[in-house]
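Letter by letter, the chains look like this.
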Amino acid sequence: MSALAQVGQVARRSILRTARQPANIIFPFVFPTALLAVTSAGLHSATRIPGFPSDSFLAFFLAFPFIQGALFATMNAGTDLARDIQTGFLNRLSLTSMRGSALLGGQLAGIVALGVIQAVFYVLVGVIVGVRFASGPAGVLVLLVFAALISLAFGALGSFLALRTGSGESVQGLFPVLFVFLFISSMNTPRDLIAVDWFRVLASLNPVSYLIECVRSLIITGWDPEALVLGFGIATLIAIASLFLAARALGRRLERT
Amino acid sequence: MADEHGIEAEGLVRTFKGDIVAVDGIDLRVEPGEIYGFLGPNGAGKSTTVHMLTTLLPPTSGTARVAGYDIVKQGPQVRQAIGAALQEAALDNLLTGREHLRLQCALHGISRAERKVRSQELLERVGLTRAADRKVGGYSGGMKRRLDLALALAHRPTILFLDEPTTGLDPQSRSALWTEVARLAREDGVTVFLTTQYLEEADVLADRVGIIDHGHIVAEGTPDELKAQIGRPTLEAIPGDGATPESIARILEQFGEPTGGSVKGVAVRLEHGVEDLAGIVRALDAEGIKLQNLELHAPSLDDVFLAKTGRSLEGAAEEEEAEVT
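All of the points below concern the structure found in this document. Values in this document were obtained by computation on a predicted structure and should not be read as measured data. Each residue is numbered by its place in its chain's sequence as written, counting from 1. Numbering of ligands from 1 and lettering of chains from A proceed in the order in which they are written. At least 70 in pLDDT is required for a residue's local features to be given in this predicted model, at least 80 for side-chain atom pairs to be given and counted, and no such filter applies to totals for whole chains, interfaces and linings, which use all residues.

1. Here we look at the sheet that holds strand β4 (residues 61-66) of chain B
Residue and element names in this part refer to chain B.
In step 1: Strands pair, by our definition, only if DSSP identifies at least two bridges between them. Runs of E in the DSSP output that reach at least two residues are strands. Runs of H or I that reach at least four are helices, and both are numbered from the N terminus. Sheet architecture is open: four strands sit in the order β2-β1-β4-β5, paired in antiparallel fashion. Looking at strand neighbours, the two that pair on one side only are β2 (20-30) and β5 (69-70), the edges of this open sheet.
In step 2: Looking at chain direction, β4 and β5 are connected through two bridges and run antiparallel. By the bridge assignment, Arg-65 is partnered in β5 with Asp-70.
In step 3: Two residues qualify as being in contact provided that their C-beta atoms, derived from the backbone, are within 7 Å of each other. Angles run from 0 to 180 degrees between N-to-C directions of axes, and those axes are lines fitted to C-alpha atoms, restricted for helices to the stretch in contact. Those strands touched by helix α1 (residues 46-53) are β1 (7-16), β2 and β4, and its axis lies near 115 degrees from that of β1.

2. What to know about the sheet that holds strand β9 (residues 208-213) of chain B
Residue and element names in this part refer to chain B.
In step 1: Strand order in the open sheet formed by six strands is β6-β7-β8-β3-β9-β10, and the pairing between neighbours is mixed. Every interior strand has two partners, whereas the edge strands, β6 (82-85) and β10 (216-221), have only one. The sheet shows a mean angle of 15 degrees between the axes of neighbouring strands, direction not considered.
In step 2: The sheet contact formed by β9 and β10 spans five bridges and is antiparallel. Opposite Ile-211, over in β10, you have Ala-219 as the bridge partner.
In step 3: Set on the sheet, helix α11 (residues 301-309) makes contact with β3 (35-39), β9 and β10; between it and β9 the angle comes to about 40 degrees.

3. A word on unusual backbone geometry
Residue and element names in this part refer to chain B.
In step 1: In this structure, Asp-19 takes a positive phi of about 55 degrees despite not being glycine.
In step 2: Turning to its location among the elements, Asp-19 is positioned in the loop between β1 and β2.
In step 3: Even without being glycine, Arg-156 reaches a positive phi, approximately 55 degrees.

Okay, here's the thing in structure tokens:
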């Protein structure tokens, strides 16, 4: 069986697992959407700040669920893999002809598929509430590619943690940390409009700001090369680093000869 | 399905962090088509041995060949030749039995058309046809173990490793699994390496038994050979009204050596076998000692374990835990 076919089998299982756990479906879809609704209603007046890049806070804030959805991907990938380690299912897979890369690839393919489905959902939510995507249909496609990339990056990070610790609790322990990164970013306000100096500096140092700004540029600005290069560049770097770490941890975890 | 190679290991050692020696120089040979029972208490090194022989864990030193392949240098070939059901049925509660089998067959490289047929065949064999499309989370322990066995057989292995396959099962499920394992060896010629902590399981199923304790094989042979090494039966006397274990021990020790195997009374291994029985009854009667019960036990594998290690197998696991804590 080819490595690609093995990836397909593992990915199919990953998607089936997610589809059969209502909590894994509901939270990534409902929670970011609810937060989008509440925050947009509450912070609408922020659009009156001089220099605010949009007259719709909802359009401005729509970038948030894309990133939060990717964080949920981290949790799903990590906890599923940790469970496989804890239950011995990983040993079962290890006793087949499956390549180690297919295990990681398959798991991540499932997470990426879910990430893209989430992104499509958020795009639809945006369209339904009247957000006009400034970059047009091509921009929406780029947005979906970016959603796949960040799901891969954060999914690989979750997989790394699971493989390194073998514990679902450890993976879940990371979630608040990632949430802190999300909140100390340009999530609510453009960086140049953040009045508090230390917050602006932290938001500028925080890679999550550039991921949000990449998504946001496609929604409210149009084609912004700088935002796209920074967003894709940082997401690619996170993906490469996480995949490297996850592959190394997998090699150590799978001691098989 | 029979293979001309079985399992051979020489000086197999596995240590873990903190200089813990889990397996300490094991030599063993399992003939093709044989059921080999690997008997020992918890923590004796059974599962570590299985993990090494199934290529999941590299040995610290020593060599082993499984199905003719070196476990260190030819891991993929070993995995292709073996099936394994490891301790605790490692299943995904969210998948159905059929989905498990399809995934297992696919990852073993079985073609799509054959996967369907093979999955159905295995579901029928282990009696899970009706539950095939139910999620495994709703299966009983026995059903999970049967599915585990079916998964191990998906790619028609010539050697099967079963790591404590009946632990936690009810007697009916245990018996059903024994029947299937015996059938696999007798009819399909599959070599079975079975670890167990149950004396009865090793006695009923295994052609040969290796007894492991503290990482060493302390005895090996057919169950009858091992029992013959002990040879003499054990007599156990439970004190009745007014009698004390000490007073009984004083009499019984004239007829054999104490074994320490009795909880409620006194047990001795009889020096001359059953013929001592009449003399014992007379001696006890002469002393006016009343008994609640007097039992003659044929030698068991537990007696073998006791003779080789100085401990009873059934109490050994608790002792291990007490030592650790």
